[in-house]
Every structure is written in C-alpha cells, then in structure tokens.
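One-letter residues, chain by chain:
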Amino acid sequence: MVHSSPNITAINRTGCCVLQELPSLEAMETFGKRIAAKLREGDVVALNGPLGAGKTTLARAILRKLGVSKEIPSPTFTIIEIYDDICPSIVHADFYRLEDPQEALELGLSEYREDAVLIAEWPEHIGGFSHEPQCLDIKLEILGQKRRAIVEGGLDWLNRMP
C-alpha cells in the first residue's frame, strides 16, 4: 500500500501513527499548515498534551493557513470559537474547563460540528474523539525547548497523514 506521508511509522487496524519532531516555532507552524491542507468537513483534530505544549499555537497555525487573518483568541474562556468565513468552516474548542462529557452536549457541540472541522484542545475532558475514523489525534510532548507530536490518524486519515 502506498501512503502520502513518508513519516508513517506504524499502521494498525484503527489507522496510522507518525512521529513529528518540532524543534522550533517555525516547525510547529509548518506542521499546522500541512494539517490544514489535508482537512475535510467532518474531521476532528484532537490536540492533547500538558499546559504549554503548543496546542493553541498549532491550532492558530492551522487557522492561519486556512485564511483567518484576524486575531485568533484561545477559546479557554469562551470554550468554543467559530470560524465560518473560511473553507472548511472550523470550530475551535478548548474543553479544559469542562468536567463531564454532558457539558459539551449542553453547549451544542454536535450542532457546531455539522459541515465543519473540529479542532479540540483537551478532548479527554469530554471523552475524546480517537474512536472516530475522521479523528487526527495529536499528542504534543515537551522536550526541553523542543516539542514532539505523536500523530495517530483514524482510518479516514490513512492516505492523507500530514
């Protein structure tokens, strides 16, 4: 089987896994641009990692590549920010302050996701999305001044890993 990413390190029944070294802010921005170029409506980009790992930085890089030119606030306090003037539309959510998956339903997350891409920070706070075939699960690790991304794509990402 031929894959579009030379960095695929493993393929299993749920998708594939890529390790991406991110030694600089520029590398993080380039990675975000590569993700943005592969997005389709219905996708989920699940950003995991400790505080300061670069989740919001990566989300901003994706949004800028898709054409957002205005300031991109962190959705830490608003929980959900919507960008429907770009294609595909993006819902950027930060679930850090949520304690129960039911809270996401109460916010109307499923309605926001229709015809859009979801970029989810702290997805584990609402049960996660890694079980979805359209989920690109990214765990960011802090390695001193550098970062590393462990990227696991669901089956829908198999031939379009960033």
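Located above this text is the structure these notes cover.
Below is a short write-up of the structure. (Residues numbered from 1 in each chain as written. Predicted model: local features only at pLDDT ≥ 70, side-chain atom pairs only at ≥ 80, totals over all residues. Heavy atoms only, no water.)

Looking now at the packing of aromatic side chains. A complete count under the given rule lists 1 aromatic pair for this structure. The positively charged end of Arg 160 is found above the aromatic ring belonging to Trp 157, 4.0 Å away from the centroid. (Phe/Tyr/Trp six-rings, centres within 6.5 Å; stacked < 30°, edge-to-face > 60°. Lys NZ or Arg CZ within 6 Å of the ring centre and 35° of its normal.)

A separate point is the side chain of Glu 81. Mapping Glu 81 onto the fold places it in strand β4 (residues 80-83). For the buried Glu 81, no salt bridge is present, and the opposite-charge side chain at shortest range is Lys 70, 6.5 Å distant. A distance of 2.9 Å separates a polar atom in the side chain of Glu 81 from a polar atom in the side chain of Thr 78. Sequence-distant contacts of Glu 81, defined by excluding residues within four places in its chain, comprise Pro 73, Pro 75, Ile 90, Val 91 and His 92. (Helix = DSSP H or I, 4+ residues; strand = E, 2+ residues; numbered from the N terminus. Buried < 20%, exposed > 50% of the residue type's maximum accessible area, 1.4 Å probe, protein only. Lys, Arg positive; Asp, Glu negative; His and termini not counted. Salt bridge = Lys/Arg side-chain N within 4 Å of Asp/Glu carboxyl O. Polar contact = N/O pair within 3.5 Å; in protein donor to acceptor, adjacent residues only side chain to side chain. Contact = heavy atoms within 4.5 Å.)

At their nearest, the axes of helix α1 (residues 25-38) and helix α2 (residues 55-65) sit 8 Å apart, and the two run at 55 degrees to each other. In terms of their interaxial angle, α1 and α2 are classed as oblique. Judged by the sense of rotation from one axis to the other, the crossing of α1 with α2 is right-handed. Packed against α1, whose contacting residues are Leu 25, Met 28, Glu 29, Phe 31, Gly 32, Lys 33, Ile 35 and Ala 36, the element α2 presents Thr 57, Leu 58, Ala 61, Ile 62 and Lys 65 at the interface. Of the residues assigned to the contact of α1 with α2, the class counts are 8 nonpolar, 2 polar and 3 charged. (Axes fitted to C-alpha atoms, helices over the stretch in contact; angles between N-to-C directions. Parallel < 35°, antiparallel > 145°, perpendicular 65-115°, else oblique. Left-handed = near helix turned anticlockwise from the far one by under 90°. Nonpolar A, V, L, I, M, F, W, Y, C, P; charged D, E, K, R; others polar.)

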